Amino acid sequence: MEDKEISSLIRAEEERQAETLMLVPSENYTSAQVREALGSVLTNKYAEGYPGKRYYQGNEIIDKIENLAIERAKKLFDVPFVNVQPYSGSPANLAVLGAICQPGAKILSQHLSMGGHLSMGQEASMTSKYYEASYYGLTREGDINWQELEQQAKKCRPKIIFCGGTAFTKVFDFARFGRIADEAGAFFVADIAHIAGLVAGGAHPSPKDDAHVITTTTHKTLRGPRGAMIMVTKKGLEKEPELAKKIDRAVFPGLQGGPHENQVAALAVALKEANTPAFQRYTRQIVKNSHILASELIRYGFTLIGGGSENHLIWIDLTNKGLDGWTAAWALEAAGIICNRQVIPFDSNSPYYPSGLRLGTPAVTTRGMGEREMVKVGQLINEVIECARKMDLQDIGNQDKEKDQKARKRFKQQVFKQPPLLQIKIEVKELCQKFPVP
Ligand code: DSN
């Protein structure tokens, strides 16, 4: 590449990804083929509209690509309709809201602090300005609070009940969501962004018989490019025969302009990769790895929301460790372990300095790591947290903002110089070298 600054930064990021443990549960390593399609000439083309009905000339080949992506998605998820154009997960959920609801309509979703997603009517999201959202949460054990969900559904008679979001460690009971939505006369929209790969690979049940609409991003467990899809199920078309058309219209021209056809082509590649026995094995291994890592962390005295992990995701409540998610996440980064901090149910801290951490196994499993490595990763995480606990944490979390910020600045300066963390970083690098990024 001619642009030396950008090319050296891309190389540096490539190195960072290769030498650290990618434990953010929503991240993954795409195949070279996915990236080839993403970086192709397809990015040069405008294609507003849908296959066979474009507003620009020169779309004969683009139509074939988009049709392939649609057909592959329909086959993989066994649904009658898919829109592959949403730029990402939030616009996909907004398009569904636009297709089904009038402004001011009532919706019901998992609260942000309980693992729900912003785009489902959370206070900080614009969706809460256009739709009247109510929420349900989790129990202290990390289950869906079914009682609250049922009461809310009866009380507010929402147009949509969303399930899914960014943090949930159990298998979703889609049938129960479906029944509650049916009783309330609502559309059940299952956002499977996190678990789409697990669903495709058979490592998690599918919502196709219970939900009316399924939304998903395409870059998490599904291992495709950044992007999203909206699917309408048979049940959805029975409830509202025009639903597919409404979804198409809501995506374009309702919300978006020209689709990113390079992204659509890369998605088609990922969908083909996902429809293989190797991918099915991969998704089963993700779940196995997550279960083992969770069990190891419990053995080290970590409190896990949900008491373990039934999918790809581990949600740690750090309260008993005496440090917050921000502090732990920086210490882990200093040791080459990348995860993200996360609010926990009933958190008394803010989302920016929450009490929890979120980890996941999709990316390390892509590298070929298995049970033995998860035991090692658990040990390293514990060593990092033990080291961080011994550091100077005074005034971190102080109500006096100035004192808190000063203490956090000091911690960040010190954490990258801690000899035990530097030693763990070397161990992490050695482990990563044995499992190169494919
Ligand atoms: N940012 C995504 C995640 O990490 O779960 C959700 O949008």
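In the block above lies the structure referred to throughout.
Residues numbered from 1 in each chain as written. Predicted model: local features only at pLDDT ≥ 70, side-chain atom pairs only at ≥ 80, totals over all residues. Heavy atoms only, no water.

A word on helix 17 (residues 419-434)
Our working definition: The numbering of helices and of strands both runs from the N terminus, where a helix is a DSSP run of H or I of at least 4 residues and a strand a run of E of at least 2. Helix span, expected: 1.5 Å multiplied by one less than the number of residues in the helix. Two residues form a contact once any of their heavy atoms are found within 4.5 Å.
Here helix 17 contains 16 residues, and its C-alpha end-to-end distance of 23 Å stays within 8% of the 22 Å for a straight helix at 1.5 Å per residue. Of the surrounding secondary structure, the elements contacted by the buried residues of helix 17 are helix 1 (4-19), strand 1 (21-22), helix 13 (325-334), strand 13 (337-338), helix 15 (371-390) and helix 16 (401-415).

A short note on the site of the ligand
Our working definition: The nearness test applies per residue and asks whether one of its heavy atoms lies within 4 Å of the molecule or strand. Polar contacts, as used here, are pairs of N or O atoms within 3.5 Å; protein pairs need one atom able to donate a hydrogen and one able to accept it. Residues neighboring in sequence count only if both atoms are side-chain atoms. Here the open area of atoms and residues is found with the Shrake-Rupley method and a 1.4 Å probe, where only the protein chains shown may cover a residue. Cavities and pockets are found on a 1 Å grid laid over the protein atoms alone: a cavity is a set of points where a 1.4 Å probe fits but cannot escape, a pocket is an open set with protein on both sides within 12 Å along at least five of seven lines, and a lining residue has an atom within 4 Å of such a point. Just a note on the criterion: a molecule sits in a pocket or cavity if more than half of its atoms are within 2 Å of the grid points. Residue classes follow a fixed rule: Ala, Val, Leu, Ile, Met, Phe, Trp, Tyr, Cys and Pro count as nonpolar, while Asp, Glu, Lys and Arg count as charged, and any other residue, Gly among them, counts as polar.
By nearness alone, every residue bordering the ligand is listed as Ser26, His117, Thr166, His194, Lys220 and Arg358. In the model, an oxygen atom of the ligand is placed 2.6 Å from a nitrogen or oxygen of the Ser26 side chain. Here an oxygen atom of the ligand and a side-chain polar atom of Arg358 are 2.8 Å apart. In the complex, the protein chains occlude 64% of the 230 Å² of accessible area that the ligand would expose alone. Here the ligand occupies the largest pocket. Residue classes in the shell around the ligand are distributed as no nonpolar, four polar and two charged.

Remarks on the nonpolar core
Stated formally: Residues grouped as a nonpolar core are buried Ala, Val, Leu, Ile, Met, Phe, Trp, Tyr and Cys residues, joined through side-chain atoms within 4.5 Å. Partly exposed residues are those whose accessible area sits between 20% and 50% of the maximum for their type, while under 20% is buried and over 50% is exposed, using a 1.4 Å probe and protein chains only.
Grouped together as the largest cluster of nonpolar side chains are 53 residues, with contacts concentrated most on Phe77, Leu149, Ile161, Phe177, Ile192, Leu222 and Met229. If we ignore the near neighbours within four places in the chain, the residues touching Ile192 are Phe77, Phe174, Val199, Pro207, Ile214, Thr215 and Thr216. Ile316, Trp326, Met369 and Phe411 belong to the second-largest nonpolar core, a separate cluster that totals 45 residues.

Here's the deal with the environment of Ser8
Assignment of secondary structure puts Ser8 in helix 1. Note on Ser8: relative accessible area 37%, which makes it partly exposed. Distance from Ser8 to Val79, taken between C-alpha atoms, is 43 Å for residues 71 residues apart in sequence.

What about the layout of surface pockets?
To be explicit about the condition: Grid points are joined across faces, edges and corners, and a volume is the space filled by probe spheres set on the points.
Approximately 1,400 Å³ is the volume attributed to the largest pocket. Surrounding the largest pocket, 50 residues form its lining, Ser26, Glu27, Asn28, His219 and Arg226 being those nearest its centre. Among the elements of the structure, helix 1, helix 2 (32-38), helix 4 (89-100), strand 9 (213-217) and strand 14 (340-342) are those that each provide at least two residues to the lining of the largest pocket. Ranked by residue count, the leading element in the lining of the largest pocket is helix 1, at eight residues. Classifying every residue of the lining of the largest pocket gives 15 nonpolar, 23 polar and twelve charged. For the lining of the second largest pocket, the element with the most residues is helix 16, which contributes three residues.

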